[in-house]
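A look at the structure
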Amino acid sequence: MKKHLTNIFSPESGNTVMFAFDHGYFMGSVSGLERLDLLIPSLIDHVDVLMATRGALRTCVKPNFRKGIALRVSAGSSMLNDDLSHELVSVDIEEAIRMNADCLAVQTFIGADGQLSSIDNLSRAINAGARYSIPTLGVIAVGKDMERTDRYFKLATRIVAELGAHIIKTYYCDKFEEIVAACPVPIVVAGGKKLPEKEALTMAYRSMQGGARGLDMGRNIFQSNHPTVMADAIGKIVHHKFTDKEAWEYFSEKTKS
Ligand code: 5RP
């Protein structure tokens, strides 16, 4: 398990830049992810971990890929459903091992209609992963009617940690440091909807200042006009202690025409 965690968290900085492009598992093709076969090879050198579905990994990641893999193993709804919270475990553990997964990513809908099934999914993944020393990444999902407050994230992250997730992905919010302090396992922060790059870098910086162990970012990288530079700028904050101002200067310098 330590080896898998070392594939995720850099032994030098202790932190990680995860690139999430698993959106297709319920959104289909989203803007910026139309050509995974072109985008993913261009980003591989700029991030530490790919977070993806098995279908995307099989089709656009070469077998000589040596970095971390966070394999999305829950599914069950689509953008056509009002309630996204009903999922199941869609990838079995032997397949995850064949895919060289360094962690199993499971969506968890605390407080939603599908809470029971998502806790069942999370528990199944943790139990199966434990048999083969593969960690589980609990992804805190926020339904459209759910509050994005420190109170909610503190509750959800703590529940998912207590159930045995080894890493938790959640959103940045006010009083983020209190969420990190109350969570006994590493937290990585989701990017969320596309922001102007400067704002996304500030969010990344504040997350790291608040105690996050990295970012697990999708749209704020792949919907940028400069995805590789954006990934590098995030990496400067995550691994090299850049401030948001320094990272923005780096981004601006690299993208000026
Ligand atoms: C869904 C996920 C996705 O991986 C994640 O939301 C995608 O990243 P971003 O929000 O940064 O586009 O975990 O809950």
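Our subject in this report is the structure included herewith. Being a predicted model, the structure only gives us computed values, none of them experimental.

Neighbouring the ligand are 13 residues; D22, H23, Q107, G218 and R219 lie closest to it. Contact between the ligand and G218: an oxygen atom at 2.8 Å from a main-chain N or O atom of the residue. Across the complex, the protein chains shield 94% of the 370 Å² of accessible surface that the ligand would expose by itself. A molecule is said to occupy a pocket when more than half its atoms come within 2 Å of that pocket's grid points, and by this definition the ligand occupies the largest pocket. Residue composition of the shell around the ligand, by class: four nonpolar, five polar and four charged.

Pairing in this closed barrel of eight strands is parallel, and the strands run β1-β2-β3-β6-β7-β8-β9-β10 around the ring. If you compare each strand with its neighbour and ignore which way they point, the axes differ by 25° on average. Here strand β2 (residues 49–52) pairs with strand β3 (residues 68–72) via four bridges, running parallel. Across the sheet, M51 pairs through a bridge with A70, a residue of β3. The sheet strands contacting helix α7 (residues 150–162) are β6 (103–108), β7 (136–140), β8 (167–170) and β9 (187–190), and the helix crosses β7 at an angle near 155°.

Our next topic: the nonpolar core. F19, F21, I40, L50, L71, I168 and I234 are the most contacted members of the largest nonpolar core, which has 76 residues in total. In terms of residue count, the dominant contributor to this core is helix α11 (residues 227–240) (seven residues). Sequence-distant contacts of L71, defined by excluding residues within four places in its chain, comprise A52, T53, R54, L57, V91, A96, M99, A101, C103, L104 and A105.

Turning to the packing of aromatic side chains, a few remarks are in order. Following the criterion strictly, the structure yields seven aromatic pairs and no others. Here F153 and Y171 contribute two aromatic rings whose centre-to-centre distance is 6.1 Å and whose plane-to-plane angle is 35°, an arrangement assigned as tilted. Note that F153 is positioned in helix α7 and Y171 in the loop between β8 and α8 (176–181), a separation of 18 residues in sequence. Judged by its relative accessible area of 0%, F153 is buried. Ring pairs connect the aromatic residues F19, F21 and F222, which therefore count as one cluster. Positioned above the aromatic ring of F9 is the side chain of R213, whose terminal nitrogen or guanidinium carbon lies 4.5 Å from the ring centre.

A word on the environment of I40. Tracing the sequence through the fold places I40 in helix α3 (residues 36–43). For I40, a relative accessible area of 0% puts it in the buried group. C-alpha separation for the pair I40 and L57, spaced 17 residues apart in sequence, amounts to 9.5 Å. Dropping the residues within four chain positions of it, I40 is found in contact with F19, F21, L50, C60 and V61.

The rules behind these values
- Residues numbered from 1 in each chain as written.
- Predicted model: local features only at pLDDT ≥ 70, side-chain atom pairs only at ≥ 80, totals over all residues.
- Heavy atoms only, no water.
- Near = heavy atom within 4 Å.
- Polar contact = N/O pair within 3.5 Å; in protein donor to acceptor, adjacent residues only side chain to side chain.
- Areas by Shrake-Rupley, 256 points an atom, 1.4 Å probe, with all protein chains shown as cover.
- 1 Å grid on protein atoms, 1.4 Å probe; cavity = no way out; pocket = protein on both sides within 12 Å on 5 of 7 lines; lining within 4 Å.
- Sits in = over half its atoms within 2 Å of the grid points.
- Nonpolar A, V, L, I, M, F, W, Y, C, P; charged D, E, K, R; others polar.
- Pairing = 2+ DSSP bridges.
- Helix = DSSP H or I, 4+ residues; strand = E, 2+ residues; numbered from the N terminus.
- Axes fitted to C-alpha atoms, helices over the stretch in contact; angles between N-to-C directions.
- Contact = heavy atoms within 4.5 Å.
- Core = buried A, V, L, I, M, F, W, Y, C linked by side-chain atoms within 4.5 Å.
- Buried < 20%, exposed > 50% of the residue type's maximum accessible area, 1.4 Å probe, protein only.
- Phe/Tyr/Trp six-rings, centres within 6.5 Å; stacked < 30°, edge-to-face > 60°.
- Lys NZ or Arg CZ within 6 Å of the ring centre and 35° of its normal.

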